[in-house]
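Here are the chains, one letter per residue:
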Amino acid sequence: MLSTTLRTLRTRWVTFVGSFVALSLGVALIAVMGLALASSLDAPDRGPERFAAAAVVVKGQDTLEVPTSIGDRAQKLAQPRAVPPDTVAKLRGLGAVVEDRSFAVRAEGGPDDLVGHPWSTAAFAPYHLDAGRAPEAADEVVVSGDWARPGTGVRTDGGTVRVVGTVSGLGFENAVFYTDTRAAELSPRSLQLVVDADAAAVRDVVGDSAGVQVLTGDARRYADADPDRDSEALTAMNAMFGTAGGVTGFVSVFVVASTFAFAVAQRRREFGLLRTAGATPGQIRRMVVHEALAVGVLASAAGCVLGSYGAPELAEWAVDESLAPHWFTIGDYTWPYHVAFWTGLFVTLCGVLAAAGRAGRTGPAEALREASVDTRPMTWGRRLFGSALLITAVVTLALALATNPGDLLHRKTYVSRPMLLITAAALLAPVLVRPLARLIAWLPARLPGAGGMLVRENAATGVRRTAAVAAPVLVTVALAGSLLGATATLDEAKATEVRERTAADFVVTPAGDAGFDEATLRRLRAVSGAEVSPSSSSAVYVLEDGVALIKSDARAAEPEPLAATARLPLAAGKVGDLDDDSIIVNEEWERHTVGERVDVWLGDGTRTSLKIAAVMTVGTGNNGVYVTPRNAPAAPVDRVDVRLAHGAGASTVAAGLRQAVRASGGEVLDRQAWVRATYPETNRTTRTGFFLVLGIALLYTGISLANTMVMATSDRVRELAVLRLAGATRWQVLRLVGAEALMVVMVGGLLGALVAGLNLVGMWSALGLLSVWTSIEIPWGTLAAALGACAVLAVVSAVAPAGLALRRRAVELAGTRE
């Protein structure tokens with residue numbers, strides 16, 4: 001039997017080449033992701049950047065720590081505390097103290113991520129002047145990089161400034177340095193400072209000051225902006241590649257199983273002859289498994305080799321796309337290759353088991369069959385497993401909608417849930433192929449000529465062939481529609497929430513991070529015909545179940561102006577009941593009964609008890625909470641909602657608002673423009689990961705389509721010859737083959753669209769239960785592009801071998817045997 005297996009591999013190599021390529025790519029991708037994961041686990045800690053040359057950095061409290069029965073729980077504070085003034089005074093007695101400030105700067109012609117600092121902090125990086133001099137006046141700056149030269153005038157959100165010097169960029173930021181006085185005006189709060197003194201003496205002075213940190217050595221990196229960005233980037237990158245790996249494994253099993261199932265169906269006469277010659281069912285099954293194992297071993301080994309070359313390229317791409325830190329490289333590890341190799345063999349066995357069982361059930365009488373009609377395309381096992389998966393998908397969806405609809409909005413859920421429906425649809429495809437084929441070909445079959453009728457009957461009769469070709473198209477279309485449609489629908493739902501909750505006619509936002517100062521707010525309030533509602537972004541923390549410290553985004557506003565400019569989605573209570581002793585929460589909170597008191601920590605870590613004044617619906621999860629400004633200490637006003645008074649003219653009020661913010665900088669947008677400007681977009685890493693997943697799916701689809709179409713067309717040589725002998729021209733036969741390929745792709749596309757539609761309807765229903773009624777967003781462009789690519793691949797893969805076969809005489813082809 002082993003010699004038979006080897007001869008089969010040699011003579012039927014076309015049958016196995018698709019599985020070989022698919023497995024090789026799958027193993028290569030698993031090896032790449034394993035190498036990337038191993039390299040990220042040994043990631044070095046980022047060293048100090050802005051304060052690499054500073055002796056000691058003293059930083060105010062920026063973390064809330066709450067003791068629980070299972071240990072302390074911590075969250076970053078929304079409004080970190082400054083170093084207490086009395087502590088600063090004592091530190092000045094030890095040596096020079098330099099207050100640090102950081103704030104966003106928008107400048108014409110400058111980088112998008114410009115950040116401003118006082119000039120006195122430049123020496124701690126250290127920055128050195130390349131040209132020009134230090135700033136001396138309020139309108140003078142020094143910039144890093146080469147985007148502006150000394151003497152250049154630059155318009156910024158804080159007014160026009162003149163560049164008087166430049167420093168070389170150090171790679172971690174694009175900086176703009178102002179005089180210390182001007183920096184203090186642009187960013188009044190200083191949260192950390194540098195002390196030129198002995199670290200032990202500084203610690204003695206700080207003593208037990210609540211939350212004040214003394215940073216030395218490598219710990220000075222915690223004074224940099226976003227010191228954990230490397231670990232966050234690696235986590236996001238690993239999640240992206242993990243998703244891609246999961247889809248790769250799923251599609252690999254799918255492609256291999258589909259290929260082997262079709263190959264077994266094609267070889268029923270061959271197996272029948274072996275059974276007639278005395279082979280037992282067990283020998284037939286072992287032969288099929290041995291064939292698969294041989295392909296699996298070779299493909300897994302080739303995949304490991306490809307992975308060793310592909311991993312460095314992928315790491316370089318991730319760095320170039322800013323998906324990974326600039327230092328990220330692939331290390332020298334061996335365990336990812338073991339994982340990839342054995343996973344490849346496991347995938348092979350998973351894909352071939354069902355086909356081996358069917359091969360073993362082939363009877364000797366199959367050797368006598370001449371017809372290609374599929375008499376039993378649906379086995380009991382396929383029907384059972386397909387129905388079970390479909391019922392499981394429907395039941396789990398119903399349970400999620402009944403118990404926790406918000407879970408359907410999470411990325412891990414809407415990425416994994418389509419897999420059940422895709423598998424169920426593929427297993428049950430033979431049941432749907434015949435009616436779909438007849439439906440699609442209904443009109444062509446009624447046109448003059450026999451072409452439409454032949455296309456319909458060939459597709460409806462060769463159910464296994466049609467299902468095998470349609471399956472990879474189903475996967476691609478279903479994934480594209482489900483993943484991209486889910487993110488687009490969720491983004492539109494969030495935008496719908498913004499539109500429905502905004503009753504303001506105008507929204508005014510500040511130019512920088514410091515927010516609006518009191519003088520600007522007085523000018524805005526003085527605008528004739530404008531009813532203004534200033535508000536601030538903050539946070540509230542609550543301990544749920546005694547062990548989970550939950551952070552909720554908060555917006556602080558006065559109750560009456562808030563009620564006039566916002567339409568909160570309330571489930572109970574009234575906005576007007578909000579006061580300094582109360583809070584508006586949403587239904588996600590463990591305690592959400594109007595009148596009940598909850599213990600919370602405010603954005604600066606202050607603990608207090610507040611009464612629930614009203615309760616909002618859950619929505620998409622961004623409803624947050626509302627408090628008064630007193631319960632958002634140190635939170636700057638970062639938004640002013642404006643409603644027109646009765647009889648006020650919109651253009652007049654808009655002009656007054658722009659005049660009011662001209663001195664401090666700010667933007668005035670009407671409601672529609674502000675909604676467009678704040679329209680939520682899918683996270684860039686998530687979007688890149690989804691396109692990577694779809695690229696993998698499309699690649700596998702191409703492999704499977706090409707392999708299956710070549711196998712199917714080469715198996716139909718005698719059928720095509722009969723058409724030629726019946727009077728059909730060579731071009732008529734080729735058009736028929738191409739039309740069949742197009743129709744089969746349409747069948748797969750319809751099945752994929754059905755799966756995607758069911759998934760999106762589930763998400764839409766969940767949004768409705770969460771009180772967000774929005775439209776279902778379908779990525780028509782992406783679906784059309786994917787379906788078009790599949791159609792081209794299918795037609796080329798079908799017509800090319802048919803054209804080569806038809807170069808021989810029809811009489812010779814009619815006598816061809818398997």
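See the structure above.
Residues numbered from 1 in each chain as written. Predicted model: local features only at pLDDT ≥ 70, side-chain atom pairs only at ≥ 80, totals over all residues. Heavy atoms only, no water.

## A look at the sheet that holds strand β4 (residues 97-100)
Inference 1: The sheet built from 4 strands is open, its strands ordered β4-β12-β1-β13 with antiparallel pairing. The strands lining the two open edges of the sheet, one partner per strand, are β4 and β13 (213-215). Averaged over all pairs of adjacent strands, the angle between their axes in this sheet comes to 25 degrees, without regard to strand direction.
Inference 2: Looking at chain direction, β4 and strand β12 (residues 192-195) are connected through 4 bridges and run antiparallel. By the bridge assignment, Asp100 is partnered in β12 with Gln192.
Inference 3: Each of β1 (56-59), β12 and β13 is contacted by helix α5 (residues 199-206), which is oriented at about 20 degrees to β1, the strand it contacts most. (Pairing = 2+ DSSP bridges. Helix = DSSP H or I, 4+ residues; strand = E, 2+ residues; numbered from the N terminus. Axes fitted to C-alpha atoms, helices over the stretch in contact; angles between N-to-C directions. Contact = heavy atoms within 4.5 Å.)

## Section: the side chain of Asp100
Inference 1: Within the fold, Asp100 resides in strand β4.
Inference 2: Look at Asp100 and you get buried, because its relative accessible area is 4%.
Inference 3: Reaching out from Asp100, the side chain makes a polar contact with the side chain of Arg50 at a distance of 2.7 Å.
Inference 4: With residues near it in sequence (within four places) discarded, Asp100 still touches Arg50, Phe51, His117, Pro118, Thr121, Ser190, Leu191, Gln192 and Leu193. (Buried < 20%, exposed > 50% of the residue type's maximum accessible area, 1.4 Å probe, protein only. Polar contact = N/O pair within 3.5 Å; in protein donor to acceptor, adjacent residues only side chain to side chain.)

## Focus on helix α21 (residues 730-769)
Inference 1: Relative to the 58 Å expected for 40 residues at 1.5 Å per residue, α21 spans 59 Å between its end C-alpha atoms, a close match to the ideal helical length.
Inference 2: Ser771 occupies a position one or two residues after α21 and carries a positive phi of about 70 degrees. (Expected span 1.5 Å × (residues − 1).)

## What about the pairing of strand β16 (residues 548-557)?
Inference 1: As paired elements, strand β15 (residues 530-544) and β16 share 10 bridges and run antiparallel to each other. Opposite Leu543, over in β16, you have Leu549 as the bridge partner.
Inference 2: The loop that links β15 with its antiparallel partner β16 comprises 3 residues; one of these, Asp545, has a positive phi angle of about 60 degrees.
Inference 3: With 3 bridges connecting them, β16 and strand β21 (residues 625-627) associate as parallel partners. The residue of β21 that forms the bridge with Ala556 is Val627.

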